[in-house]
Structures are given as structure tokens and as C-alpha cells.
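What follows is each chain in one-letter form.
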Amino acid sequence: MSRLRKHFLYLQHHQNYESDRHATWLELFFDLVFVLAIAELSHLLHHDLTWTGIASFAALFVPVWWLWIDFSYFADQFDVERGIYRPIMLATMFGLIVMALTVPEALNGGSAQFAAAYAALRLVITFLYIQAFRFVPLSRALTKRYVMSFSVALGLWLISIVMPEPIRFLLWGIALFIEIGTGPITYLTVRDVPTQNSHMDERFGLFMIIVLGEAIVAVAAGVSETSWGWQSILMGTGGFLIAANFWWMYFERAEESAINQALRGGKRALLRSFLYGYSHVLAFMGIAATSVGIQVAIESAADHAFTPEARTILGGGIALFLIGVTALQWASPGSLPQRVVVLRSGLALLALCLIPLETLFSPVVMVLLLGTALALINGIDGVPLLTSRLQRLEE
């Protein structure tokens, strides 16, 4: 027992809490540092607004975001505020900064550096699960699976460093497939899964706020580089309208106990919870892409070209966000009314249809039209934010 106390690692079991858990200051700091990687991905897209650049942005967004999921969920399961674990998490943040700085050249001659930084962070999360396996017997059946899978994936990342690029990228894909598939397979096949008092819903929401903040920064950056003409002002206003409605659409139906209900439910509930969690990557990627699209649209007012690629990330980013937020809210315990799914699907289709209509819809019209459409959808949805919160409290 003294050995267990020495390492200060224990499961955040639901029986240890009489009230809901909330994000710690360390977790908030972690999210703030992590957003640097998202910002670097957005800058990569902005500076390489080609079809290759769009593909690179999407290809790198998934592994970068997956690191956030792995470290956030470990902190959701286990206490990382005591003993050696707080310094480890702070060191991890420094590693995230290093990895973020390798993102711009990750697919342009600097893939070995990105793989090395990423592998170092994978080594940390694998080590943390090894510690959990050693010192938290209650979760040993679960952590054993994570250690085995993550070790194999880590090996692939390490091997990729010394391989030529075509093979290197293939190894990245296999490693990611293993990492992403570990959670669903483990939770659906392990009996007696330990149930922590989860606060991942709040972590998702806080990260959403940070990513939306990056979108606001992009809009402001775009306006600041123009001469404050009427077009740039209108598009800046439309850009803020889009960001505000992204916020409204996500938080209007935000769940506060989706993961907890899934952990205490059956296999079907667990499966839906993974759709709920994984769909966030589409929402986050959509916001990041849309923010760059709005920034380029604003810059087009100063004689910058608003190319088909720029229209694609604007319309496609909004469509991606709508698909992601609709999927995650449909998979949550509260689900979604069919009419909301139909309306959002229609708007996603409209956003995609606007991409090739360059001669009919200028950048300013496209931004204002999509911002207004989002506001109308939220209005028709008919669940005011305050009312929905009061209803949950009464329940």
C-alpha cells in the first residue's frame, strides 16, 4: 500500500465524488498550450492554399488532435495532479510546443522531425499507461490493452523516422489506425470496465472555446491587413457571425454527462459515445478550415485572389462543422430531432454548392449568406440556450 501512495496515481472513480468533476488548472493550461499546434495547422493551410495544402492540413490535423484526446482522456481516468505526474504533464506541454513547430514542414521535407517529436509524445502517453497498469489494479484489464496497442503504435512511429517518405507515411497511417481503434475495441470487449467520474464533456467544450477563439483571431488578422473598406468590414462582421453561430449551435445542445452515462450504460451506449467523441474532430477541423477561409475572403478585398481552393475551405469547412456537430449531438443521450438533422444537412449541402458558383457569389456575399443561414438554422432549431439549461436543471 505504501508503494501505491508513493506514486500518487489512482483512478478517478465515480464513487469518490459526490458532485461533478471539473477541469483543473493544469488541464486548462494543457489545452492552451495545445492550441499552438492547431494554430500552426491553420497557418500551414493559409500559406499553402492549394489542393495539396488542403490535403496536408487534413492529414496532419487527425494525429495532432488525437494526441489531445489521448492525454485528455488519461487525465479523465487518472489523477495527474500529484507526485511525478504534474512535472510529466508540464514536460509534455513543452514537447507539444516542439511538435507544433515541426508542423509547417512535416509534409515538405521535415517529416522525420515531426515523426521524432510525435514519437516522443507517444512514448510519454505509453509510459503513463504503464504506470497506471502497475499502480492501479482496478483498471488493469483496461490499461493492459492500452499499453499493448500503444506500444505497437509507438514502435511504428519510431521505425518511420528512419524510413523513406512513402513508407514513413504508410507507417503513420497504420499507427494511427491502431491508436484510434484501441478505445472502442477495448471498451466493447473488456468486462467490468472501471467507471471514472468523467468530465470529458467539459474538456470538449473548453477546447471548442479555444478553437473558436483562434477563429476570431483569424478574422481580426484578415481585417487588420486591409484598408478597412466596406467589403472587409462586412466580411469581418459575417466572419464573427459564423463563429458566434458555431458557438451557439454546439453549446445549445451541449451534453454535460454523455461519457458518464455511456460508461454506466450498455455496449450500445458505449458505441454511441465513441461516435460522440470522435465526431468532434470534424467539428474542430471544420472551424479551423472555415476561419482560414474567412481570413482569405477578407484579404481578397485588398486585391488578393479568392481562389477555388479558398472557396472550398470556406464552404467545405462549414459543411464539415455541420456534419461533425450534428453527428456528435445525434450520438449524445439527448439525440437530435429529425427536422434539425434535415435542416443542418440542407445547409451543409448549400455551403458545398456555393463553392463552384464564383461568378454568382462574391466572397462578401458568400460569407454573409452562410453566416445568415447559420443564424436562421439556430433560430428555427427553437431551443434557446438559457431555456435548454433550465430544462436540464429541472430534470
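Please read all numbers here as calculations on a predicted model, not as lab measurements. (Residues numbered from 1 in each chain as written. Predicted model: local features only at pLDDT ≥ 70, side-chain atom pairs only at ≥ 80, totals over all residues. Heavy atoms only, no water.)

## Considering the overall build of the chain
Scanning the chain from terminus to terminus reveals 16 helices and zero strands. For the chain, whose C-alpha radius of gyration is 22 Å, the value lies close to the compact-globule estimate of 21 Å for 395 residues. With the principal axes as the frame, the chain shows a C-alpha extent of 70 × 55 × 30 Å. In the chain, the proportion of contacts linking residues at least 24 apart, taken out of those at least 6 apart, comes to 83%. Surface exposure of the chain reaches about 17,400 Å², of which carbon and sulfur atoms provide 68%. The chain carries 24 positive and 28 negative side-chain charges, and their two centres are separated by 14 Å. (Helix = DSSP H or I, 4+ residues; strand = E, 2+ residues; numbered from the N terminus. Rg over C-alpha atoms; globule rule 2.2 N^0.38 Å. Contact = heavy atoms within 4.5 Å. Areas by Shrake-Rupley, 256 points an atom, 1.4 Å probe, with all protein chains shown as cover. Lys, Arg positive; Asp, Glu negative; His and termini not counted. Charge placed at Lys NZ, Arg CZ, Asp CG, Glu CD.)

## Observations concerning the packing of aromatic side chains
Taken as a whole and judged by the stated rule, the model has 29 aromatic pairs. Ring geometry for Phe78 against Tyr129: centres 6.5 Å apart, planes inclined by 85 degrees, an arrangement best described as edge-to-face. Of this pair, Phe78 sits in the loop between helix H3 (51-77) and helix H4 (85-102) while Tyr129 sits in helix H5 (residues 111-135), placing them 51 residues apart in sequence. The class for Phe78 is buried, based on a relative accessible area of 1%. Tyr129 sits in the buried class, given a relative accessible area of 1%. Plain terms: the ring middles of Tyr129 and Phe150 are 5.7 Å apart, the flat faces sit at 85 degrees to each other, and that makes the pair edge-to-face. Here the residue Tyr129 occupies a position in helix H5, and Phe150 occupies one in helix H6 (residues 140-161), the gap between them amounting to 21 residues. (Phe/Tyr/Trp six-rings, centres within 6.5 Å; stacked < 30°, edge-to-face > 60°. Buried < 20%, exposed > 50% of the residue type's maximum accessible area, 1.4 Å probe, protein only.)

## With respect to the side chain of Glu252
Along the polypeptide, Glu252 turns up in helix H9 (residues 230-252). In this structure, Glu252 is buried with no salt-bridge partner, the nearest side chain bearing the opposite charge being Arg253 at 4.4 Å. Polar contacts involving the side chain of Glu252 include one to the side chain of Trp248, which spans 2.8 Å. (Salt bridge = Lys/Arg side-chain N within 4 Å of Asp/Glu carboxyl O. Polar contact = N/O pair within 3.5 Å; in protein donor to acceptor, adjacent residues only side chain to side chain.)

## Considerations on the side chain of His199
Tracing the backbone through its elements, the reader meets His199 in the loop between helix H7 (165-189) and helix H8 (200-224). Given the relative accessible area of 2%, His199 is considered buried. Excluding anything up to four places from it in sequence, His199 contacts Arg21, His22, Ala23, Glu27, Ala75 and Asp76.

## Quick word on the packing of helix H14 (residues 338-353) against helix H15 (residues 363-381)
Between H14 and H15, the least distance of the axes is 10 Å, while the angle of their chain directions is 175 degrees. Between H14 and H15, the angle falls in the class roughly antiparallel. Of the residues in H15, those touching H14 at Arg339, Val340, Leu343, Arg344, Leu347 and Ala351 are Leu370, Ala373, Leu374, Ile377, Ile380 and Asp381. Of the residues in the contact of H14 with H15, the class split is nine nonpolar, no polar and three charged. (Axes fitted to C-alpha atoms, helices over the stretch in contact; angles between N-to-C directions. Parallel < 35°, antiparallel > 145°, perpendicular 65-115°, else oblique. Nonpolar A, V, L, I, M, F, W, Y, C, P; charged D, E, K, R; others polar.)

## Some points on the packing of H7 against helix H11 (residues 267-278)
One way to put it is that H7 packs onto H11 with a least axis distance of 9 Å and a crossing angle of 165 degrees. Between H7 and H11, the angle is such that the two are roughly antiparallel. Like other packed secondary-structure pairs, H7 and H11 cross with a definite hand, here right-handed. Between H7 and H11, the residues in contact are Ile180, Gly183, Pro184, Tyr187, Leu188 and Thr189 and Lys267, Leu270, Leu271, Phe274 and Tyr278, respectively. Split into classes, the residues belonging to the contact of H7 with H11 amount to eight nonpolar, two polar and one charged. (Left-handed = near helix turned anticlockwise from the far one by under 90°.)

## Observations concerning the pattern of salt bridges
Between side chains of opposite charge, a pair can form as their charged atoms come close. In this structure the tally under the stated criterion is four salt bridges. With its nearest N and O atoms 2.7 Å apart, the salt bridge here joins Asp31 to Arg203. Here Asp31, found in helix H2 (residues 25-47), pairs with Arg203, found in helix H8; they are 172 residues apart in sequence, far enough to count as distant. For the pair shown, Asp31 and Arg203 are each scored as buried.

## Remarks on the nonpolar core
Of all hydrophobic cores here, the largest spans 120 residues; its most connected members are Phe61, Trp65, Met99 and Phe114. The greatest single-element share of this core, amounting to 14 residues, is contributed by H3. Leave out the neighbours within four places in its chain, and Phe114 touches Leu60, Val64, Met99, Thr102, Val103, Ala106, Trp157 and Trp172. (Core = buried A, V, L, I, M, F, W, Y, C linked by side-chain atoms within 4.5 Å.)

## Focus on H3
For H3, built from 27 residues, the straight-helix expectation of 39 Å at 1.5 Å per residue is met to within 8% by its first-to-last C-alpha distance of 40 Å. The sharpest bend along H3 measures roughly 25 degrees and falls at Phe61, with the proline Pro63 sitting one to four residues further on. With 21 of 27 residues buried, H3 is to be regarded as a mostly interior element. (Expected span 1.5 Å × (residues − 1). Bend = angle between axes of the 7 residues up to and from the residue.)

## Description of the confidence of the model for the chain
Confidence in the prediction for the chain averages 86 pLDDT; 91% of positions are at 70 or higher. For the stretch residues 1-6, pLDDT sits under 50, and the model shows four contacts to residues farther than four places along the chain or on other chains. Confidence drops under a pLDDT of 50 for residues 385-390, and excluding neighbours within four residues, the segment shows 10 contacts in the predicted structure. (pLDDT = per-residue confidence, 0-100.)

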